[in-house]
Amino acid sequence: MAREKKLSEPDQPYDLFFPDTVKDQLARIKKKDKTLCEQLRKRFKKLRKNPECGEILSHDKAGYREVHIKGHWVIIYRADYDAHTIVIVKIGIHDSVLGLMILGFGGGLDLGCRAKIDSHLLHFIASFPRALFFFHNNSVDA
Amino acid sequence: MAAVIEKDVVNRPKKDVLEGVDEAWEQYKLGKGKRITSDEELDAFIDSL
């Protein structure tokens, strides 16, 4: 009976809420990276229909979730189930990916600059196994 | 050594990316921001930024 009711009443997508700080952040991202902005747009639409798709954060950030976009970018959000609303609380670069690079350069870099550092780091990591394979093959042939 | 570095990266608190999260939530509680109720409204909002 309950199943029939659920099938006949499709879930209403959640509302989205962008606090003023996130609005400003989104405007800056749109100016610097149109592709990322389009990916964010698509992800926001998916979030409205599936608010629990994000990874749950823990400790002092319990209640928040994060979803990854474009590899290392992350949307942090929180669902207000009573108000049927998804609140986007932050759009940023995932620290655990940048890791030691941020420790080295500090956290005062703007979004565009940090994205460039991040892409260089990922390129380096991606090319590292190929370099090892090349050296290994050459040493065997010699 | 590599394992130590890897552990440091994984366990390091994500302070930077989480900065301002609580502040944004407070803004939501105070109604300071933009509410979107449909995909069309979302498109219009992003296009207007």
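Up top is the structure these notes are about.
Residues numbered from 1 in each chain as written. Chains lettered and ligands numbered in written order. Predicted model: local features only at pLDDT ≥ 70, side-chain atom pairs only at ≥ 80, totals over all residues.

Trainee: Before we go on, may I ask you to explain the overall build of chain A in this structure?
Mentor: A tally of helices and strands in chain A yields six helices and five strands. Across chain A, helices and strands are ordered from the amino to the carboxyl terminus as α-β-α-α-β-β-β-β-α-α-α. The burial tally for chain A puts 26% of its 142 residues in the buried class. (Helix = DSSP H or I, 4+ residues; strand = E, 2+ residues; numbered from the N terminus. Buried ≥ 20, exposed ≤ 12 C-beta atoms within 10 Å, placed from the backbone.)

Trainee: Explain the packing of helix 3 (residues 34–49) of chain A against helix 4 (residues 39–48) of chain B to me, please; I cannot follow it from the model alone.
Mentor: In helix packing, the relevant descriptors are the interaxial angle and the interaxial distance, both defined with respect to the helix axes. Orientation of helix 3 of chain A relative to helix 4 of chain B, taken along the N-to-C sense of each, is 155°, at an axis distance of 10 Å. As far as their axial angle goes, helix 4 of chain B and helix 3 of chain A are roughly antiparallel. Pair helix 3 of chain A / helix 4 of chain B crosses with right-handed handedness. Contact with helix 3 of chain A, carried on its side by C37(A), R41(A), F44(A) and K45(A), involves D39(B), L42(B) and I46(B) of helix 4 of chain B and no other residues of that element. For the contact of helix 3 of chain A with helix 4 of chain B, the class distribution of residues is four nonpolar, no polar and three charged. (Axes fitted to C-alpha atoms, helices over the stretch in contact; angles between N-to-C directions. Parallel < 35°, antiparallel > 145°, perpendicular 65-115°, else oblique. Left-handed = near helix turned anticlockwise from the far one by under 90°. Contact = placed C-beta atoms within 7 Å. Nonpolar A, V, L, I, M, F, W, Y, C, P; charged D, E, K, R; others polar.)

Trainee: Could you clarify how one ought to interpret helix 3 of chain A in this entry?
Mentor: Every α-helix winds through 3.6 residues per turn, so residues three or four apart in the chain are directed the same way. Over its 16 residues, helix 3 of chain A extends 24 Å from the first C-alpha to the last, a length consistent with the 22 Å expected when each residue adds 1.5 Å. Burial in helix 3 of chain A covers these residues: L40(A), R43(A), F44(A), L47(A) and R48(A). Across the axial projection of helix 3 of chain A, the buried residues extend over an arc of 140°, all falling on one side. In helix 3 of chain A, the exposed positions angled more than 90 degrees off the buried face are occupied by K34(A), T35(A), E38(A), K42(A) and K46(A). Contact partners of the buried residues in helix 3 of chain A: strand 1 (15–19), strand 3 (64–69), strand 4 (73–80) and strand 5 (85–93) of chain A together with helix 4 of chain B. (Expected span 1.5 Å × (residues − 1). Arc of directions from axis to C-beta.)

Trainee: Looking at this model, I keep getting lost on the sheet that holds strand 5 of chain A. Mind explaining?
Mentor: Adjacent strands of a sheet pair through backbone hydrogen bonds, lying either parallel or antiparallel. The six strands are arranged 2(A)-3(A)-4(A)-5(A)-1(A)-1(B) in an open sheet whose pairing can be described as mixed. Here the strands that pair on one side only, and so sit at the sheet edges, are strand 2 (55–56) of chain A together with strand 1 (33–36) of chain B. The pairing of strand 3 of chain A with strand 4 of chain A spans six bridges and is classified as antiparallel. Bridged to Y64(A) within strand 4 of chain A is R78(A). Helix 3 (residues 21–30) of chain B contacts strand 1, strand 3, strand 4 and strand 5 of chain A together with strand 1 of chain B of the sheet and is inclined by roughly 150° relative to strand 5 of chain A. (Pairing = 2+ DSSP bridges.)

Trainee: Help me understand the nonpolar core in this model?
Mentor: Across soluble globular proteins, nonpolar side chains show a tendency to be buried alongside one another. Counting 29 residues, the largest nonpolar core has I76(A), Y77(A), V87(A), I88(A) and V89(A) as its most contacted members. Of all elements in the fold, only strand 1, helix 2 (20–32), helix 3, strand 4 and strand 5 of chain A together with helix 2 (15–18) and helix 3 of chain B reach the threshold of two or more residues within this core. Not counting the four nearest positions on each side in its chain, I76(A) is found in contact with Y64(A), E66(A), V89(A), K90(A), L18(B) and V21(B). (Core = buried A, V, L, I, M, F, W, Y, C linked by C-beta atoms within 7 Å.)

Trainee: Just to check I follow, could you spell out the environment of R43(A) for this structure?
Mentor: Residues and elements named next belong to chain A. Note that R43 resides in helix 3. Here R43 falls in the buried class, since 21 other C-beta atoms lie within 10 Å of it. The sequence separation of R43 and I69 amounts to 26 residues, and the corresponding C-alpha distance is 7.8 Å.

In short, geometric facts, not functional conclusions.
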